[in-house]
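Overview (structure and organization)
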Amino acid sequence: MKEIKVEEVMTRNPIIIEKEISIMDAAKIMKIERIGSLIVRLSKNEYGIITERDIIYKVVAQGLDPAITKVETVMTFPIITIGPDLNLEDAANIMWKHRIRRLPVVSDGKIIGILTENDIIRLSPGLIEVTREVFEQTQPLVSGVRGYCDKCRKYDENLIYKAGKYYCQECFHKLE
Ligand SMILES: [Zn+2]
């Protein structure tokens, strides 16, 4: 799993929708495409994600009208993304740490794919469980992850993972 890169197993060209569309239209796209999530475009290099769970818990269960509720009001943002060169084991670690099942794959600011927990399970049914078991002990260093620093909350293109937290380059070097 350390040799297999995200790029090799991710789903390419995921469907990206605009943030102004209604939850009803988003649900229709999910049904037609038989997928459980959609990437939402916010601006040129910013994305959110909307999943079946968001629709069930944040719209239906709250009594909101799916025909007039916009995707942007219930989507998850900011989202954690990974680079195509990351290996699958590190990707599994990130999913586990953040309790998420999907990771958009970004290259040069563009979403080029999406990696789901199912993609990993299909290749290595034991990996997700194994990862959970060794997670606390090994505390691997992972880089190539984009997102928000757990310490200063600043956005960084190349976060470093250590002992359960992600750090920007600056905060990481202060740790040492
Ligand atoms: Zn920081």
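Before going into details, it helps to say that this report is about the structure given with it. (Residues numbered from 1 in each chain as written. Predicted model: local features only at pLDDT ≥ 70, side-chain atom pairs only at ≥ 80, totals over all residues. Heavy atoms only, no water.)

Time to look at the overall build of the protein. Across its full length, the protein carries 8 helices and 10 strands. Taking all 176 residues of the protein together, 43% fall into the buried category. Restricting to contacts in the protein with at least 6 residues of sequence separation, those with at least 24 account for 52%. Working note: accessible area of the protein is about 9900 Å², and carbon and sulfur atoms make up 51% of it. (Helix = DSSP H or I, 4+ residues; strand = E, 2+ residues; numbered from the N terminus. Buried < 20%, exposed > 50% of the residue type's maximum accessible area, 1.4 Å probe, protein only. Contact = heavy atoms within 4.5 Å. Areas by Shrake-Rupley, 256 points an atom, 1.4 Å probe, with all protein chains shown as cover.)

Counting 24 residues, the largest nonpolar core has Val6, Ile82, Ala91, Ile94 and Leu115 as its most contacted members. Elements represented by at least two residues in this core include exactly helix 1 (6-9), helix 5 (88-98), strand 6 (102-107), strand 9 (155-162), strand 10 (165-167) and helix 8 (169-175). It is helix 5 that provides the largest number of residues to this core, a total of 5 residues. Sequence-distant contacts of alanine 91, defined by excluding residues within four places in its chain, comprise Val6, Ile82, Leu86, Leu103 and Leu115. Core analysis: the next-biggest nonpolar cluster, separate from the first, contains 13 residues, Met30, Leu42, Val71 and Val74 among them. (Core = buried A, V, L, I, M, F, W, Y, C linked by side-chain atoms within 4.5 Å.)

A few words on the pattern of salt bridges. When the charged atoms of two side chains lie near each other, side chains of opposite charge can form a pair. Overall, the coordinates contain 9 salt bridges when judged by the stated rule. Across the salt bridge formed by glutamate 18 and arginine 41, the nearest N and O atoms sit 3.3 Å from each other. Of the two residues, glutamate 18 sits in strand 2 (residues 16-18) while arginine 41 sits in strand 3 (residues 37-43), which places them 23 residues apart along the sequence. The class for glutamate 18 is partly exposed, based on a relative accessible area of 38%. Among the residues examined, arginine 41 registers a relative accessible area of 31% and is labelled partly exposed. Lysine 154 is the salt-bridge partner of glutamate 170, the closest N and O atoms lying 3.3 Å from each other. Note that glutamate 170 is positioned in helix 8 and lysine 154 in the loop between strand 8 (142-148) and strand 9, a separation of 16 residues in sequence. On the basis of relative accessibility, which here comes to 47%, the residue glutamate 170 falls in the partly exposed class. Residue lysine 154 is classed as partly exposed on the basis of its relative accessible area, which comes to 39%. Salt bridges linked by common partners bring Lys97, Asp150 and Arg153 together as one network. (Salt bridge = Lys/Arg side-chain N within 4 Å of Asp/Glu carboxyl O.)

A few words now on the coordination of the zinc ion. Looking at the metal site, the zinc ion is ligated by Cys149 (SG), Cys152 (SG), Cys168 (SG) and Cys171 (SG), spaced 2.3 Å from it. Coordination at the zinc ion comes from 4 donor atoms whose angles at the metal span 101 to 114 degrees, giving a geometry best classed as tetrahedral. Within one chain, the residues donating to the zinc ion are spaced in sequence as C-x2-C-x15-C-x2-C. Pair noted here: cysteine 152 is in the loop between strand 8 and strand 9 and cysteine 168 is in the loop between strand 10 and helix 8, with a separation of 16 residues, a long-range link. The class of cysteine 152 is partly exposed, set by a relative accessible area of 38%. (Donors = N, O, S within 2.8 Å, 3.2 Å for Na, K, Ca; no water. Tetrahedral: all angles 85-135°; square planar, octahedral: opposite > 155°, others 65-115°.)

Turning to helix 3 (residues 52-60), its buried residues are Asp54, Ile55 and Val59. Buried residues along helix 3 cover an arc of 95 degrees about the axis, so they all sit on one side. In the core, the buried residues of helix 3 are packed alongside helix 2 (23-33), strand 4 (46-51) and helix 4 (71-74). (Arc of directions from axis to C-beta.)

Such coordinate-based values are descriptive only and should not be taken to indicate function.
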